[in-house]
Amino acid sequence: MGVRAGPLEKLIERAGGCAIIDGGLATELEALGADVNDPLWSAFCLISNPDLIKQATIPGFLSKGLSIEEGEFLLRKSVKLAVEARDDFWKHLQKTSKHNYNRALVAASVGSYGAYLADGSEYSGHYGTDVNLEKLKDFHRRRLQVLVDAGPDLLAFETIPNKLEAQALAELLDEENIQIPSWICFSSVDGEHASSGESFKECLDILNRSDRISVVGINCASPQIIENLILEFRKLTKKAVAVYPNSGEVWDGRAKKWLPSECFGDRSFEVLAKRWRDSGASLIGGCCRTTPSTIQAISRVLKNKS
């Protein structure tokens, strides 16, 4: 028996049919002085500066000399910090007579195997011939268990570049009998296929068979390709669609730097967010290089409609 997407469905309904996702965590951490130029990405802040917290994995923490127990503790801490921040904010709001906020949900972010490799393969989907379905399930299993035990409202599988990893995650949710909603969002480079070159029909045919997956979508792709992908997803699935693109800049995973490219500002996101909502997106936000002001711009235009 599968889970119901109650919390997500209710949030989307309360938001008038389209809810808001937050923005690029690592971008804001950098703005606050954090150094995220590390294979752990922003998860390094759980070690170096937890008071400031993306992609945290037990193997990643082990590579930094931490024990398994310490790595699991940091994973739990990542969820607990987010829950505490949400609860403190909500408690403060209750002292205000009037506000138009919905109580936020905390999603435990689960990055792809490629994000752990830190070699850019989350944007190519090419993991090598030795990576099979069981290896991917084994890679994700313990992290999934630890994160769920920490008490998030949902799981957000992000930047998934290929069909094999999507299948591994869908099967793993069943094997572990996960009882909180999940979403799976893919990366795409050309705006027509997953980063691996596989068709989204192939990918979504797998996810459509799982009622543990409430939402599917795209993240960390260029804003330019999002609208067409929403329209394509709406043809391929009855699940809600989430989109949270990056700023339009391109990340060079091997050189570990952002390449000069067209960058979409807040005004562009305002215009695009309306089009994405009207095209059928139920959750809209931002990923890398988007900022709190980007999310404010999206929120402003979506709330005006609601």
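Everything numeric here is computed off the predicted structure, so don't read it as measured data.

For strand 5 (residues 213-219), the buried fraction is high: seven of the seven residues fall into the buried class. As paired elements, strand 4 (residues 182-186) and strand 5 share five bridges and run parallel to each other. The residue of strand 5 that forms the bridge with C185 is G217. Between the parallel pair strand 4 and strand 5, the chain is carried across by helix 9 (residues 200-207), and the sense of this crossover is right-handed. By the bridge criterion, five bridges tie strand 5 to strand 6 (residues 240-244) in an arrangement that is parallel.

Here we come to the UniProt feature "binding site: Zn(2+)" (unreviewed entry) in the chain. UniProt's entry tags C220, C287 and C288 with the feature "binding site: Zn(2+)" (unreviewed entry), counted in the numbering of this structure. Their sequence span is 69 residues, while the largest C-alpha to C-alpha distance among them is just 6.4 Å; these annotated residues converge on one region. With respect to the element layout, C220 can be found in the loop between strand 5 and helix 10 (226-236). If we ignore the near neighbours within four places in the chain, the residues touching C220 are Y123, T159, Y244, P245, N246, C287 and C288.

Applying the stated criterion to the full structure yields 19 salt bridges. Between D87 and R86 there is a salt bridge; the shortest N-O distance is 2.7 Å. Of the residues examined, D87 reaches a relative accessible area of 31% and is grouped as partly exposed. When salt bridges with common partners are traced through the structure, they connect E134, K137, R141, E171, E175 and E176 into a single cluster.

This next bit is on the nonpolar core. Formed by 56 residues in total, the largest nonpolar core has its most connected members in L155, F157, F186, L207, W276 and I284. Setting aside residues no more than four positions away along its own chain, L207 makes contact with A166, A170, I184, F186, I213, V216 and K239.

Below, the discussion takes up the sheet that holds strand 9 (residues 283-284). Strand pairs in the sheet, formed through backbone hydrogen bonds, run parallel or antiparallel to each other. Across the sheet, which stays open at both edges, the seven strands sit in the order 1-9-6-5-4-3-2 with parallel pairing between neighbours. Lying at the two open borders of the sheet, with one neighbouring strand each, are strand 1 (19-20) and strand 2 (107-111). Pairing of strand 1 with strand 9, which is carried by two bridges, proceeds in the parallel orientation. Residue pairing in the sheet places A19 in a bridge with L283 of strand 9. Its contacts with the sheet put helix 9 on strand 4 and strand 5, and the angle it makes with strand 4 is roughly 170°.

The subject of this paragraph is the packing of helix 5 (residues 68-93) against helix 7 (residues 133-149). For the pair helix 5 and helix 7, the least separation of the axes is 9 Å and the interaxial angle reads 45°. When the axis of helix 5 is compared with that of helix 7, the two are oblique. Relative to helix 7, helix 5 is oriented so that their crossing is right-handed. Within the contact between the two elements, helix 5 uses E72, L75, R76, S78 and V79 and helix 7 uses R142, R143, V146 and L147. Here the residues of the contact of helix 5 with helix 7 are counted per class, giving four nonpolar, one polar and four charged.

Before going further, it helps to examine the packing of helix 10 against helix 11 (residues 266-279). Relative to each other, helix 10 and helix 11 sit at 10°, their axes nearing to 9 Å. Accordingly, the angle class assigned to the pair helix 10 and helix 11 is roughly parallel. Contacts between helix 10 and helix 11 involve I226, E227, I230, L231 and R234 on the former and, on the latter, R275, W276 and S279. Taken together, the residues that form the contact of helix 10 with helix 11 break down as four nonpolar, one polar and three charged.

Before going further, it helps to examine the pairing of strand 6. Most of strand 6 is tucked away, with five of its five residues classed as buried. One crossover worth recording links strand 5 to the parallel strand 6 by way of helix 10, and it is right-handed.

The full count for this structure, using the stated rule, is nine aromatic pairs. Grouping aromatic residues by their ring pairs yields a cluster made of Y113, Y116, Y127 and F139. The ring of Y101 carries the charged tip of K303 above its face, separated from the ring centre by 4.7 Å.

Quick notes on the rules
As a convention, each chain's residues are numbered from 1 in the sequence order in which they are written. It should be noted that, the model being predicted, local features are given only for residues of pLDDT at least 70 and side-chain atom pairs only at 80 or more, the latter also being counted only at that level, while totals for whole chains, interfaces and linings use all residues. Hydrogens and water molecules were not included; the side-chain quantities draw on all heavy atoms of the structure. The cut-offs for exposure are 20% and 50% of the maximum accessible area for each residue type, with area from a 1.4 Å probe on protein chains only; residues under the lower value are buried, those over the upper are exposed, and the others partly exposed. Here a strand is any run of E in DSSP of at least two residues, a helix any run of H or I of at least four, and the numbering for each starts at the N terminus. Criterion used throughout: strands pair if DSSP finds at least two bridges between them. Handedness of a crossover: with both strands directed away from the viewer, a clockwise path from the first strand across the helix to the second marks it as right-handed. UniProt positions are given in the numbering used here, feature names are shortened, and annotations may be inferred rather than shown by experiment. The contact rule is simple, with two residues in contact once any of their heavy atoms fall within 4.5 Å. Any Lys or Arg side-chain nitrogen located within 4 Å of an Asp or Glu carboxyl oxygen qualifies as a salt bridge. By nonpolar core is meant a set of buried Ala, Val, Leu, Ile, Met, Phe, Trp, Tyr and Cys residues that side-chain atoms within 4.5 Å join together. Only the stretch in contact is used when a helix axis is fitted, and all axes are lines through C-alpha atoms; the angle between N-to-C directions ranges over 0 to 180 degrees. In what follows, roughly perpendicular refers to angles from 65 to 115 degrees, roughly parallel to angles under 35, roughly antiparallel to angles over 145, and oblique to any angle outside these ranges. Crossing handedness follows the turn of the near helix against the far one: under a right angle anticlockwise gives a left-handed crossing, and clockwise gives a right-handed one. For this scheme, ten residues count as nonpolar: Ala, Val, Leu, Ile, Met, Phe, Trp, Tyr, Cys and Pro. Four count as charged, namely Asp, Glu, Lys and Arg, and the remainder, Gly too, count as polar. Pairing of aromatic rings covers Phe, Tyr and Trp, the last through its six-membered ring, and needs centres within 6.5 Å; plane angles under 30 degrees mean stacked, over 60 mean edge-to-face, and all others mean tilted. Here, a charge over a ring is recorded when the distance from Lys NZ or Arg CZ to the ring centre is within 6 Å and its angle to the ring normal is within 35 degrees.

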